[in-house]
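Residues per chain are reported as follows:
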Amino acid sequence: MKKKFTLEGLDCADCAAKIEHAVNKLDGVKEATVNFMTQKLVIEGEDEKMPTIMQEAEKIVKKIEPGTVMKKA
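- For the protein, an unreviewed UniProt entry supplies the name Cation transport ATPase and the organism Anaerosolibacter carboniphilus.

1. Side note on helix H1 (residues 13–24)
Move 1: Taking 1.5 Å of rise per residue, 12 residues should cover 16 Å, and H1 covers 17 Å from first to last C-alpha, within 8% of that figure.
Move 2: Of the positions making up H1, those classed as buried are Cys15, Ala16, Ile19 and Val23. Along the axis of H1, the buried positions cluster into a sector of 105°, meaning they face one direction only.
Move 3: Close packing links the buried residues of H1 with strand E2 (29–35), strand E3 (40–45) and helix H2 (50–64).

2. Digging into the pattern of salt bridges
Move 1: Tallying each qualifying case throughout the model produces 5 salt bridges.
Move 2: Among the ionic contacts, a cluster of salt bridges with common partners joins Asp27, Glu46 and Lys49.

3. So, the nonpolar core
Here is a general trend for soluble globular proteins: nonpolar side chains tend to be buried in one another's company.
Move 1: With 19 residues, the main nonpolar core has Leu7, Val23, Val34, Leu41, Ile43 and Met70 as its most contacted residues.
Move 2: Sorting the residues of this core by element identifies strand E1 (2–8), H1, E2, E3 and H2 as the ones contributing at least two each.
Move 3: Ranked by residue count, the leading element in this core is H2, at 6 residues.
Move 4: Apart from the residues lying within four places of it in its own chain, the contact partners of leucine 7 are Val34, Gln39, Leu41, Val61, Thr68, Val69 and Met70.

4. Quick word on the UniProt feature "domain: HMA" (unreviewed entry) in the protein
Move 1: UniProt's entry tags residues 1–69 with the feature "domain: HMA" (unreviewed entry), counted in the numbering of this structure.
Move 2: Secondary structure across residues 1–69 comprises 39% helix and 30% strand; the distance between its end C-alpha atoms is 22 Å.

5. Some points on the packing of H1 against H2
For any two helices packed against each other, one specifies the crossing angle of their axes together with the interaxial distance.
Move 1: Interaxial distance between H1 and H2 falls to 10 Å at its minimum, and their mutual angle equals 150°. In this view, H1 runs roughly antiparallel relative to H2, as classed from their interaxial angle. The crossing of H1 and H2 is right-handed. Each of Cys15, Lys18, Ile19, Ala22 and Val23 in H1 lies in contact with H2, whose residues at this interface are Ala57, Ile60, Val61 and Ile64.

Quick notes on the rules
- Throughout, residues of each chain are indexed from 1 in the direction in which the sequence is written.
- A pLDDT threshold of at least 70 governs which residues receive local features in this predicted model, and a stricter bar of 80 or more applies before side-chain atom pairs are shown or counted, although totals over entire chains, interfaces and linings include all residues.
- As a rule here, side-chain values come from all non-hydrogen atoms in the structure, and water together with hydrogens is ignored.
- By the criteria applied, helices consist of DSSP H or I runs no shorter than four residues and strands consist of E runs no shorter than two, each listed in order from the N terminus.
- Each residue after the first adds 1.5 Å to the expected span of a helix.
- Accessibility here uses a 1.4 Å probe with only protein chains present; expressed as a share of the type maximum, an area under 20% marks a residue as buried, one over 50% as exposed, and anything in between as partly exposed.
- Here, the arc refers to the directions that run from the helix axis to the C-beta atoms.
- Between two residues, a contact is recorded if the distance between any of their heavy atoms is within 4.5 Å.
- Here, a salt bridge means any side-chain nitrogen of Lys or Arg that lies within 4 Å of a carboxyl oxygen of Asp or Glu.
- For this analysis, a nonpolar core means a set of buried residues of the types Ala, Val, Leu, Ile, Met, Phe, Trp, Tyr and Cys, connected via side-chain atoms within 4.5 Å.
- UniProt positions are given in the numbering used here, feature names are shortened, and annotations may be inferred rather than shown by experiment.
- What counts as an axis is a line fitted to C-alpha atoms, over the stretch in contact for a helix, and the angles between N-to-C directions run from 0 to 180 degrees.
- Angle categories: roughly parallel below 35 degrees, roughly antiparallel above 145, roughly perpendicular from 65 to 115, and oblique for all the rest.
- Left-handed describes a crossing whose near helix is turned anticlockwise from the far helix through less than a right angle; right-handed describes the clockwise counterpart.

See the structure below:
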């Protein structure tokens, strides 16, 4: 399953790389990419783990870049 999100307020390229790296480490994630220019986060993961992955990804975004809002694209 592939989910796309918009990271509203992402204004730090280094933070985008940190978010991508952290989300890729989550259990059940096959691949996660953050495009800093378009402020998009794409997560590809196991269907049954996707709700947990999305919650954890949101926590990661808030921790690394507190002013950023993760919304479904």
